[in-house]
Amino acid sequence: MFNVIAIIAAATSLGSSLQEPADWRQVDDGADFYTALDITSISGPPTARRARGVGVSAELDGFPGYMILDVVFDCEARTIGADRAAFFALDGTLIEEVEGPAEATPVSEEEGTLVAANAVCDGQMPSGPSFTSAQAYARSIRALAGS
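Residues numbered from 1 in each chain as written. Predicted model: local features only at pLDDT ≥ 70, side-chain atom pairs only at ≥ 80, totals over all residues. Heavy atoms only, no water.

(A) Highlighting the confidence of the model for the chain. Scored by pLDDT, the chain has a mean of 82; 83% of the residues are at 70 or more. Note that pLDDT drops below 50 for residues 1-19; the model gives that stretch 64 contacts with residues more than four away or on any other chain. (pLDDT = per-residue confidence, 0-100. Contact = heavy atoms within 4.5 Å.)

In structure tokens form, the structure reads like this:
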């Protein structure tokens, strides 16, 4: 799971362009949170590789929508941080934008960031279904959670 608290606490505003179609692939399915990356958004040099991520609560009483993050990986230092975050209702309505940036934290399997780092830094794309939007991904996760 992305270090959600640190990333949310320190993010900047996102534009509506984040709702455009893309290729979202799941990179973590932790007990509390599901995370996917838009693999078409990966760009930048190894010390500041960027990608868009979406997070969805797996808890029935958790946040019922989803959040989109602009994440930044330092592939050489193996850290992850975020520049921006936006929260959306499941219907795609923007709820809130949060400003930052977040302090970078080490990539780790325990925090659920290793698969994302491997995709962004090493080109190891996750297998599994592809979603054309963060909203479609979020709806599939919420359906699995029974909400």
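(B) Spotlight on the pattern of salt bridges. Within this structure, the stated rule accounts for five salt bridges. Where D83 meets R50, a salt bridge forms, and the shortest distance between an N and an O atom there is 2.0 Å. Of this pair, D83 sits in strand β5 (residues 79-88) while R50 sits in strand β3 (residues 49-57), and the two are 33 residues apart along the sequence. (Salt bridge = Lys/Arg side-chain N within 4 Å of Asp/Glu carboxyl O. Helix = DSSP H or I, 4+ residues; strand = E, 2+ residues; numbered from the N terminus.)

(C) Layout of helix α3 (residues 134-145). Along its twelve residues, α3 runs 17 Å from first to last C-alpha, staying within 8% of the 16 Å computed at 1.5 Å per residue. Those residues of α3 that sit buried are A134, Q135, Y137, A138, I141 and R142. Along the axis of α3, the buried positions cluster into a sector of 160°, meaning they face one direction only. Seen from the open side of α3, the exposed residues pointing more than 90 degrees away from its buried face are A143 and L144. The positive-phi residue at the C-terminal boundary of α3 is G146, with phi of around 85°. (Expected span 1.5 Å × (residues − 1). Buried < 20%, exposed > 50% of the residue type's maximum accessible area, 1.4 Å probe, protein only. Arc of directions from axis to C-beta.)

(D) Representation of the nonpolar core in the model. Core analysis: the biggest nonpolar cluster contains 19 residues, and L37, V71 and F73 have the highest contact counts within it. Elements that contribute at least two residues to this core include exactly β2 (33-43), β4 (66-74), β5 and α2 (114-122). Tallying contributions element by element places α2 first for this core, with five residues. In terms of nonpolar packing, the next biggest core, distinct from the first, is built from 14 residues, A22, W24, F131 and I141 among them. (Core = buried A, V, L, I, M, F, W, Y, C linked by side-chain atoms within 4.5 Å.)

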